[in-house]
Amino acid sequence: MKLFIDTANLEEIKKACSYGVLDGVTTNPTLLSREGSDPIEQLKKIVEVVDGPVSAEVTSLKKEEMVKEAGGLAKIASNIVIKVPCTTEGLAATKELSLTGVKTNLTLCFSASQALLVAKAGATFVSPFVGRLDDISAEGMDLVSDIKVIYDNFKINTEIIVASIRHPIHFLEAARIGADIATVPFAVIEKLMKHPLTDIGIERFMADWDKLKKQLNKE
Ligand code: E4P
């Protein structure tokens, strides 16, 4: 499973990149607004750091405007992927963009039927939002399982990005289901490698090593 980071923060992206396991970035208008700088300039800085796909979202709601906005975003760099919402207008925009070779990530996906239709329209990626479903007492991961079954049934190439991840169990379940990608906030990436027994183990090894060095120095 590929790992994307879900942020527009350059420091977080650089740090995650330095771990050597980062495959891409997803941003959205909320994440970009948190950075407080011009979003296009921020995206330019992000693509300088990351080789893999970097999702940038359109903010228009009508097909023609979405396509126009996508054209501008796609000019930033060849690894920009256009995030389009799962609406009928978004579907039509996706069809047109896919015919011109522009990569798309269909965002705010909350049902398997949305996922099937966006795949038919030629979406490169689909992003089911698991955390936001969990928030309303629906099983977010059930949606990912359904999409996986449907995509496998019809040998669909659209890649599933598990989005709106809130904790390491979401990441683990995404991998168990066989999702193609998980897009994970920086704080959760850090938690994926954290284990108290690893920390205790290091502490003990260091203490024993110091003890041995002191003993040897005495001899
Ligand atoms: C994914 O592409 C979205 O940017 C993101 O995962 C949304 O997460 P949230 O529900 O925590 O805002």
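Refer to the structure presented above.
Quantities reported herein were computed from a predicted structural model and do not represent experimental measurements. (Residues numbered from 1 in each chain as written. Predicted model: local features only at pLDDT ≥ 70, side-chain atom pairs only at ≥ 80, totals over all residues. Heavy atoms only, no water.)

**Focus: the sheet that holds strand β3 (residues 54-57)**
To keep things clear, this is the line we draw: Any two strands are treated as partners once DSSP identifies two or more bridges connecting them. Secondary structure counts use DSSP, requiring at least four H or I residues in a row for a helix and at least two E residues in a row for a strand, with both numbered from the N terminus. Angles here are taken between N-to-C directions and fall from 0 to 180 degrees, while the axes themselves are lines fitted to C-alpha atoms, restricted in helices to the stretch in contact. We call two residues in contact when some of their heavy atoms are within 4.5 Å.
The eight strands are arranged β1-β2-β3-β4-β5-β6-β7-β8 in a closed barrel whose pairing can be described as parallel. Ignoring strand direction, the axes of neighbouring strands in this sheet form an average angle of 30°. Sheet analysis places strand β1 (residues 2-6) next to strand β8 (residues 181-184), joined by four bridges and oriented parallel. Within β8, the position partnered with L3 by the bridge is A182. Running at roughly 165° to strand β5 (residues 104-109), helix α6 (residues 112-120) makes contact with β5 and β6 (125-128) of the sheet.

**Some words on the layout of surface pockets**
Our working rule: Think of a 1 Å grid over just the protein atoms. A cavity is a set of points where a 1.4 Å probe fits yet cannot get out, a pocket is an open set with protein on both sides within 12 Å along at least five of seven lines, and lining residues have an atom within 4 Å of a point. Grid points are joined across faces, edges and corners, and a volume is the space filled by probe spheres set on the points. Ten residues, namely Ala, Val, Leu, Ile, Met, Phe, Trp, Tyr, Cys and Pro, are considered nonpolar, four, namely Asp, Glu, Lys and Arg, are considered charged, and the remaining ones, Gly among them, are considered polar.
By volume, the largest pocket is sized at about 370 Å³. Every residue lining the largest pocket is counted, 23 residues in all, and those nearest its centre are D6, N28, L31, R34 and R132. Residue composition of the lining of the largest pocket, grouped by class: seven nonpolar, nine polar and seven charged. Considered as a void within the structure, the second largest pocket measures approximately 160 Å³ in volume. With three residues, the top contributor of residues to the lining of the second largest pocket is helix α10 (residues 186-192). The residue makeup of the lining of the second largest pocket, split by class, is seven nonpolar, no polar and one charged.

**Side note on the site of the ligand**
Just so we agree on the cut-off: When at least one non-hydrogen atom of a residue lies within 4 Å of a molecule or strand, that residue is treated as near it. Any pair of nitrogen or oxygen atoms within 3.5 Å is treated as a polar contact; in protein, a donor-acceptor pairing is required on top of that, and neighbouring residues in sequence qualify only through side-chain atoms on both sides. A molecule is said to be in a cavity or pocket once over half of its atoms fall within 2 Å of that pocket's grid points.
Taken together, D6, T26, N28, K83, F129, R132, A163, S164 and R166 make up the full set of residues near the ligand. Here an oxygen atom of the ligand sits 3.0 Å away from a polar atom, N or O, in the side chain of R166. The site holding the ligand turns out to be the largest pocket. Tallied by class, residues from the shell around the ligand come to two nonpolar, three polar and four charged.

**With respect to the pairing of β1**
We count it as follows: Between buried and exposed lies partly exposed: a residue is buried under 20% and exposed over 50% of the maximum accessible area for its type, with that area taken using a 1.4 Å probe on protein chains only. We call a crossover right-handed when, viewed with both strands directed away from the observer, the connection leading from the first strand over the helix to the second proceeds clockwise.
Extensive coverage of β1 is indicated by the burial of four of its five residues. As judged from the three bridges shared by β1 and strand β2 (residues 24-26), these two strands associate in the parallel manner. Considered in β2, the bridge of I5 is made with V25. For the segment spanning β1, helix α1 (residues 10-18) and β2, crossover handedness is right-handed.

**Concerning the nonpolar core**
Spelled out, the test is: What we call a nonpolar core is a set of buried Ala, Val, Leu, Ile, Met, Phe, Trp, Tyr and Cys residues that are connected through their side-chain atoms within 4.5 Å.
By size, the foremost hydrophobic cluster in this structure holds 54 residues, and its most contacted members are I80, V126, I147 and V162. Here this core gets five residues from one element, more than from any other, and that element is helix α8 (residues 140-153). Once residues lying within four places of it in the same chain are set aside, the contact partners of V126 are N105, L106, C109, A115, V118, I147, Y151, T158, E159, I160 and I161. Core analysis: the second largest hydrophobic core is formed by five residues, V81, F125, I161 and I181 among them.

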